[in-house]
Amino acid sequence: MLKLRYRAKLTLVYLLLFVVVQSLISLVFVQTMADNVRSQALQQLDTSALIFQRIVQQRVDVLGASAQLLSKDYGFREAIATEDLKTIRSALQNQKARFGADLAYLLDLDERVTAVTDTNQPMRIPNISDALKNMAEAEGIGAKLVELDGHLYQLVVVPVQAPITIAWVAFGFELDGEYAQEIKRLSAIDLEVAFVHRPGSDARFQLANDFADAPVFEQSGTGSQDRADISTDAFDKGGIFYKYLPLSSRDDGTLIAAILSYSESSAYQPYRLLFITTVVILGVGFLLLVIGSLVAANGITRPLRQLTTAVQQVAGGDYHEVKCTSHGDEIADLTDSFNTMVNTVREREQRILFQAYHDTETGLPNRLQFEKQLNNQCGERNPYTLAIIEVQQLRELRTFLDHTNISELMQGVGARLQQILTSEVARLSTETFAAVIQSPGDTNQKVAEVLERFLEPCQVAGIVVDIQLRIGLVNFPSDGEDAELLLRQAHAALDRCRTSGKPYAWFDQDSAVLQKRRLSIMSELRQGLKNGEVQFAYQPKVNLASGQVEVVEALVRWNSTTHGFIPPDEFIPIAERTGDIRHLTDWGLETAIRQASDWHNQGLEIAVALNLSATDLTNHRLPEQVMGLLNRYQLPIRLLKLEVTESAVMHDMDRALAVLNRLHDLGLFLSIDDYGTGYSSLSYLKQLPMDELKIDKAFVLKLASNIEDQILVRSTIELAHNLGLTVTAEGVEDAQSVELLRQYGCDMVQGFHICRPIGADELENFVRSQNDNEPS
């Protein structure tokens, strides 16, 4: 009996010990597993946040590289300079479609939207702050998250420089539901993503418009946060793991952030089978419990450690798959999912990198890749020749070839160039290719071979197409020592081809200096108008019958702080080509009318004559603009005279006649300037609604000594009077010419013999002095 009780006691002791040990082991195991799962889940949230940030940065990099490529494109900058909105929109639309951007637009220096890609659906455009512009100018690319009407955008801004900043090009993609789904697909866990923003330090967080119904906002407690900063550490609440990820902040308290969440039940899912198995093993016995626990623990932690190491490698850019020792269980599924994510991210990154550095139509290296290769070659210091090759008639070909045919044609052009030049060919833009000729001494032979081979037509879609090329050539290192400068010089050589009509041209330093000066003048004219560098000088016209100064001609003068005095015949043609002539005309009309009004108020009855350009004569709003200024300054219409040249009228005669007839009907005095140097056709002269004819100075300068000039001038005066026109002779240099013109019946004279062009104050003294004298 005692022995039995001892056994019972012993049994009870063992049983109690087993229960205690079993309970302790079970308690420790369960607690350890719970802590481990929580730690791994939070760590996975942190890893997902790193992957999320990398994806955003990759898109910013690619979009920034695309914007930089576009901003450096010569054709695009020329389109901006000439305000060619169609070309600008086309370039923006191409880049937007190519890289999947949601926004693409261009701002000028006055912060006005010059062009957007979708003109049929008006939309608000995110503002570009000064800080973002400064970042873009300092680093080449400015990137920032912005909020607009509840939508969040990653905005990328790049300056367009020629060589100074002339505009800003911006691309953006929206952080919307589709973008969140993309991140979720790339995540190794069942991740939920929502984007929030806070308008200011005194405001509460708000969900972005695409996430208005996301429960994560209220469940995580973010919606109740207003002034206090939210911790960026991962945390769990209500059975869900959360990660608050700040994306952008400003000093005024404005915040943009992402909320990542992961269900606790999903985190525990891979371990349920393991828990059941462990309980069964504990029921078999203490020994099996210990062994099973060790095996289970080791089986759990090993793949998790492998995944943790792999996640850290992925964060560092090392995309290697994880080898899984188990098969068919949750750990194996998790490992397979992780490996799938790694492969997807690796392939996506490779595809993005390829698209960023290659032309999508031809597969050839693009401008970005070519510049990189060119800079590497510059570092080797071996001489070579850079050739930029332009396909001339591509725009015409687009009228009867579709996009597929054009792509096939450009692929053929690139392949033929590579075959001839035996070097890698890059496609810089839609119409241009580039290649390096390693031996400068072979350049002329290679160029001749290219031109000869392209005499053979190409066949596309059953159509025989003749390809005509222009080639710009530049040598390294004599013409430039870096890729950017060499490409710019090669484009300058290509411009020489266009102007000379020759199939190829070498870079010329003198032409480059002149082009640089023209670009500088083009960019500085508007500022010169604003800061008073551009002014009028006034040259009097004397009535031969009365000897009085009745009219002065306003002649524009530009004393640039950068270039000094710039002759009108240099900057006015540039202004006409770039469209800035409209700004010059607006300034000139208001300045001349305001000055004439001041003289009128002082008792000086002096009419001001102002020259109009060919562009002005196509502006159907010009008559109303002139009348509006006359009314504003209360100037009698007789004190404003407008002069046009024969060539300006012939530029677009139908539109010019419509504008001139409207001005004449309003009562404005019109003059035909520089008569005799242009068309001088009686048939068109009869059509013009003119009141005065001005004989060009070429016929007046030597009037006193040249019999032929005397005959031409006298007959012109008689002709004009017979047509009912008054006559002014320009370029009067001596008293004898004045006397001859008086004899011929000329009405008014103008020239250095009377007075050189002078400022307004000096002119007032001259007019008072002249009008006080009797006619000579």
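This write-up is about the structure you can find in this document. Bear in mind that the values here come from a model prediction, so they are computed numbers and not experimental data.

1. Describing the environment of Thr561
Phase 1: As for its position among the elements, Thr561 is in the loop between β19 (549-560) and β20 (564-566).
Phase 2: Assessed through its relative accessible area of 68%, Thr561 is described here as exposed.

2. Examining helix α14 (residues 443-453)
Phase 1: Taken together, the buried positions of α14 are Thr443, Lys446, Val447 and Val450. Down the axis of α14, the buried set is contained in an arc of 100 degrees. They therefore lie on one face. Facing away from the buried side of α14 by over 90 degrees, the exposed positions are Gln445 and Glu452.
Phase 2: Looking at the packing, one finds that the buried side of α14 touches β11 (384-391), α13 (403-421), β13 (432-437), β16 (469-476) and β17 (504-506).

3. With respect to the nonpolar core
In globular proteins that are soluble, nonpolar side chains generally tend to be buried together.
Phase 1: Of all hydrophobic cores here, the largest spans 88 residues; its most connected members are Tyr538, Trp599, Leu642 and Leu741.
Phase 2: Broken down by element, this core gets its largest block of residues, eight residues, from helix α18 (residues 581-601).
Phase 3: Excluding residues within four positions of it along the chain, Leu642 makes contact with Leu589, Leu610, Leu612, Leu663, Leu668, Phe669, Leu670 and Ser671.
Phase 4: Listed in part, the 66 residues of the second largest apolar core include Leu191, Tyr262, Tyr271 and Val314.

4. Some words on a nonpolar patch on the surface
Phase 1: Together, Val30, Phe275, Ile276, Val279, Val280 and Val284 give the surface a local cluster of nonpolar side chains, amounting to about 510 Å² of exposed area.
Phase 2: Among the elements that take part in the nonpolar patch, helix α8 (residues 272-284) stands out by supplying five residues, more than any other.
Phase 3: Mapped onto the fold, Val280 is located in helix α8.
Phase 4: Classification of Val280 by relative accessible area gives exposed; the value is 53%.

5. Regarding the packing of aromatic side chains
Phase 1: Here the structure, examined in full by the defined rule, presents five aromatic pairs.
Phase 2: Between Phe536 and Trp587, the ring centres sit 4.8 Å apart and the planes meet at 40 degrees, which makes this aromatic pair tilted. Of this pair, Phe536 sits in strand β18 (residues 534-543) while Trp587 sits in helix α18, placing them 51 residues apart in sequence.
Phase 3: Judged by relative accessible area, Trp587 falls into the buried class, the value being 18%.
Phase 4: Taken together through their ring pairs, the aromatic side chains of Phe536, Tyr538, Trp587 and Trp599 make up a single cluster.
Phase 5: Between Lys372 and the ring centre of Tyr357, over which it is positioned, the NZ or CZ distance is 5.4 Å.

6. Focus: the sheet that holds strand β3 (residues 142-148)
Phase 1: As summarised here, the arrangement of the five strands in space is β2-β1-β5-β4-β3, forming an open sheet in which the pairing is antiparallel. Two strands close off the open sheet at either side, each with one partner strand: β2 (113-116) and β3. Along the sheet, successive strands turn relative to each other by an average axial angle of 25 degrees, direction set aside.
Phase 2: Taken together, the seven bridges between β3 and strand β4 (residues 151-161) define a ladder with antiparallel strand orientation. Each bridged residue has a counterpart across the sheet, and for Ala143 the counterpart in β4 is Val156.
Phase 3: Sitting on the sheet, helix α4 (residues 130-139) is in contact with β3, β4 and β5 (165-174), with an inclination near 160 degrees to β3.

What counts, and where the lines are drawn
- Residues numbered from 1 in each chain as written.
- Predicted model: local features only at pLDDT ≥ 70, side-chain atom pairs only at ≥ 80, totals over all residues.
- Heavy atoms only, no water.
- Helix = DSSP H or I, 4+ residues; strand = E, 2+ residues; numbered from the N terminus.
- Buried < 20%, exposed > 50% of the residue type's maximum accessible area, 1.4 Å probe, protein only.
- Arc of directions from axis to C-beta.
- Contact = heavy atoms within 4.5 Å.
- Core = buried A, V, L, I, M, F, W, Y, C linked by side-chain atoms within 4.5 Å.
- Patch = residues over 30% accessible without salt bridge, like charges linked within 9 Å, V, L, I, M, F, W, Y side chains within 5 Å.
- Areas by Shrake-Rupley, 256 points an atom, 1.4 Å probe, with all protein chains shown as cover.
- Salt bridge = Lys/Arg side-chain N within 4 Å of Asp/Glu carboxyl O.
- Phe/Tyr/Trp six-rings, centres within 6.5 Å; stacked < 30°, edge-to-face > 60°.
- Lys NZ or Arg CZ within 6 Å of the ring centre and 35° of its normal.
- Pairing = 2+ DSSP bridges.
- Axes fitted to C-alpha atoms, helices over the stretch in contact; angles between N-to-C directions.

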